[in-house]
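A structural walkthrough
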Amino acid sequence: MPISGRGRKTLPIGILALPTRYMQGTYRTELDGLRALAVLAVLVNHANSAWLSGGFLGVDCFFVLSGYVVARSSVSRRSESSGNFYQRRLRRLQPALVVMLLGSCLLSWPSGLLTNSHLQTGLFSLVGLSNLNLLSQSLDYFGASAADNPFTHTWSLGVEEQFYLLFPYVISKPRWLLALTPAALGLWISLQMQSPEMAFYLMPARFWELGLGILLWRWSSRWEPKPLIGFVGLAALLSAFLMPLGWQLWSTPLAVAGSSAMILGLSPASGLKTFFSGTVLAATGKRAYGIYLWHWPLLVIARSLWPADPWRNSLLPLIATLLIAWASYRWLEQ
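Basis of the calculations
- Residues numbered from 1 in each chain as written.
- Predicted model: local features only at pLDDT ≥ 70, side-chain atom pairs only at ≥ 80, totals over all residues.
- Heavy atoms only, no water.
- 1 Å grid on protein atoms, 1.4 Å probe; cavity = no way out; pocket = protein on both sides within 12 Å on 5 of 7 lines; lining within 4 Å.
- Points joined across faces, edges and corners; volume = space filled by probe spheres on them.
- Helix = DSSP H or I, 4+ residues; strand = E, 2+ residues; numbered from the N terminus.
- Nonpolar A, V, L, I, M, F, W, Y, C, P; charged D, E, K, R; others polar.
- pLDDT = per-residue confidence, 0-100.
- Contact = heavy atoms within 4.5 Å.
- Salt bridge = Lys/Arg side-chain N within 4 Å of Asp/Glu carboxyl O.
- Buried < 20%, exposed > 50% of the residue type's maximum accessible area, 1.4 Å probe, protein only.
- Expected span 1.5 Å × (residues − 1).
- Arc of directions from axis to C-beta.
- Phe/Tyr/Trp six-rings, centres within 6.5 Å; stacked < 30°, edge-to-face > 60°.
- Lys NZ or Arg CZ within 6 Å of the ring centre and 35° of its normal.
- Patch = residues over 30% accessible without salt bridge, like charges linked within 9 Å, V, L, I, M, F, W, Y side chains within 5 Å.
- Areas by Shrake-Rupley, 256 points an atom, 1.4 Å probe, with all protein chains shown as cover.
- Axes fitted to C-alpha atoms, helices over the stretch in contact; angles between N-to-C directions.
- Parallel < 35°, antiparallel > 145°, perpendicular 65-115°, else oblique.
- Left-handed = near helix turned anticlockwise from the far one by under 90°.

The final tally for this structure, using the stated rule, is 1 cavity of 30 Å³ or more. What the largest cavity holds in volume is close to 60 Å³. Elements supplying a minimum of two residues to the lining of the largest cavity: α9 (174-194) and α13 (248-265). For the lining of the largest cavity, the class distribution of residues is 5 nonpolar, 3 polar and 2 charged.

And the structure:
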């Protein structure tokens, strides 16, 4: 790694050695709008999978966005040490996660949802390993057991945090990324056909989505995308959200491709960019992390309390989610 003037190791530049106009890039509000679309799709799917059968693929959109945004933000911090990078990510993720875990434990206890295995998942999420914990339980994400665990959704945080351990190293090695990203896609396809739970939970099988996000940032410096790409990407992403659960071998790559096309296609000025930069969508996207954290435990708890009342076990927790997420963003995530 390069050494800064003070003798500390800094994030390797390599892939980040881009023209100044990209290193000084302005904040892309429209990506908050895309983040809002992704989290709302997840919310609708988890509230009632019949409403949007492929809405869970919003998490795949998050993964691509995460790779892109983290790479982009690192460009403006070229002298940042690896330790500071990890500290910054922890400060961004951990406070809201800890509060969610404590609040969910308190709410889950009276309803009997806080079993040893569920609590174990929550504790593993604190160290970025809940995806491995769920896999060790042979827990089908789409099965009844997962639906009773208030912390099932933290699997995606585990994937991201494990990816962050590799990020300072792979971002400096374009050849690594170009090799590992398609290799991870091949691994995902193989596991999806033989062991879907491993394909779903394991970070190496998800690396292609996060790695693609980094590559998108590199490619975006080489050519000017057309707005039409954004519309094609939106059509692909919405089509993936509407596909049946059993079509994941096709719907997941389609969602990833659609998300990638939107990240590129939303950069030029267009009506689509204006729409996704709108106040409501952008504000929702900025609070997507809190929304994602709280929606699942509140839905699980509400369903245990009012199993036969779709309004109170779906609509009420979603309203509560939005309110708590706004508070989380204001007092924890800032």
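What follows concerns the confidence of the model for the protein. Averaged over all residues, the pLDDT of the protein equals 90, while 91% of them reach at least 70. With pLDDT under 50 throughout, residues 1-24 is counted as low confidence; its partners more than four residues away or in other chains account for 62 contacts.

Once that is clear, we can look at the pattern of salt bridges. Under the defined criterion, the tally for this structure stands at 6 salt bridges. Arg35 is the partner of Asp32 in a salt bridge, and the nearest nitrogen-oxygen pair spans 2.6 Å. In this pair, Asp32 and Arg35 are both assigned in helix α2 (residues 29-47), 3 residues apart and thus about one turn of the helix distant. In this structure, the salt-bridge partner of Glu209 is Arg206, at a minimum N-O distance of 3.3 Å. Of the two residues, Glu209 and Arg206 are both situated in helix α11 (residues 203-219); the distance of 3 residues between them amounts to about one turn of the helix. In this pair, the class of Glu209 matches that of Arg206, namely buried. Among the ionic contacts, a cluster of salt bridges with common partners joins Asp60, Arg206 and Glu209.

This next bit is on the side chain of Glu160. You can see Glu160 is positioned in helix α8 (residues 155-170). Each residue touching Glu160, except ones within four places of it in the same chain, is listed here: Phe62, Phe63 and Ser66.

Next up on the list: α9. The first and last C-alpha atoms of α9 sit 30 Å apart over 21 residues, in line with the 30 Å expected at 1.5 Å per residue. Within α9, the full set of buried residues consists of Leu177, Thr181, Ala184, Trp188, Leu191 and Gln192. In a view along the axis of α9, the buried residues occupy a sector of 105 degrees, so they form one face of it. In α9, those exposed residues whose orientation departs by more than 90 degrees from the buried face are Arg175, Met193 and Gln194. Along its buried surface, α9 packs onto α8, α10 (196-201), α11 and α13.

The next thing to look at is α13. The end-to-end C-alpha distance of α13 is 25 Å, a good match for the 26 Å that 18 residues give at a rise of 1.5 Å each. With 13 of its 18 residues buried, α13 lies for the most part within the structure.

Bringing the packing of aromatic side chains into the picture now. Overall, the coordinates contain 19 aromatic pairs when judged by the stated rule. Among the aromatic residues, those joined into a cluster by ring pairs are Phe56, Phe63, Tyr141, Phe142, Trp155, Phe200 and Tyr201. The aromatic ring of Trp176 is capped on one face by Lys173, whose charged end is 5.8 Å from the ring centroid. Over the aromatic face of Phe200 sits the side chain of Arg206, whose NZ or CZ is 4.9 Å from the ring centroid.

Taking relative accessible area as the criterion, Glu209 reaches 0% and is therefore assigned buried. When residues no more than four places from it in sequence are discounted, the contact partners of Glu209 are Asp60, Phe63, Val64, Thr252 and Val256.

Moving on, we get to a nonpolar patch on the surface. A contiguous nonpolar surface patch, about 710 Å² in accessible area, is contributed by Val98, Leu102, Leu119, Leu123, Phe124, Leu126, Val127, Leu129 and Leu132. Mapped onto the nonpolar patch, the elements with two or more residues apiece are α4 (82-108) and α5 (116-125). Looking at the secondary structure, you find Leu123 in helix α5.

With that settled, the discussion passes to the packing of helix α3 (residues 58-75) against α13. The interhelical angle for the contact between α3 and α13, taken along N-to-C directions, is 40 degrees, at an axis separation of 9 Å. Here α3 is positioned oblique relative to α13, judged by the angle of their axes. When you trace α3 past α13, the crossing you get is right-handed. Note on element contacts: α13 touches α3 through Thr252, Val256, Ser259, Ser260 and Ile263, opposite Asp60, Cys61, Val64, Leu65 and Tyr68.

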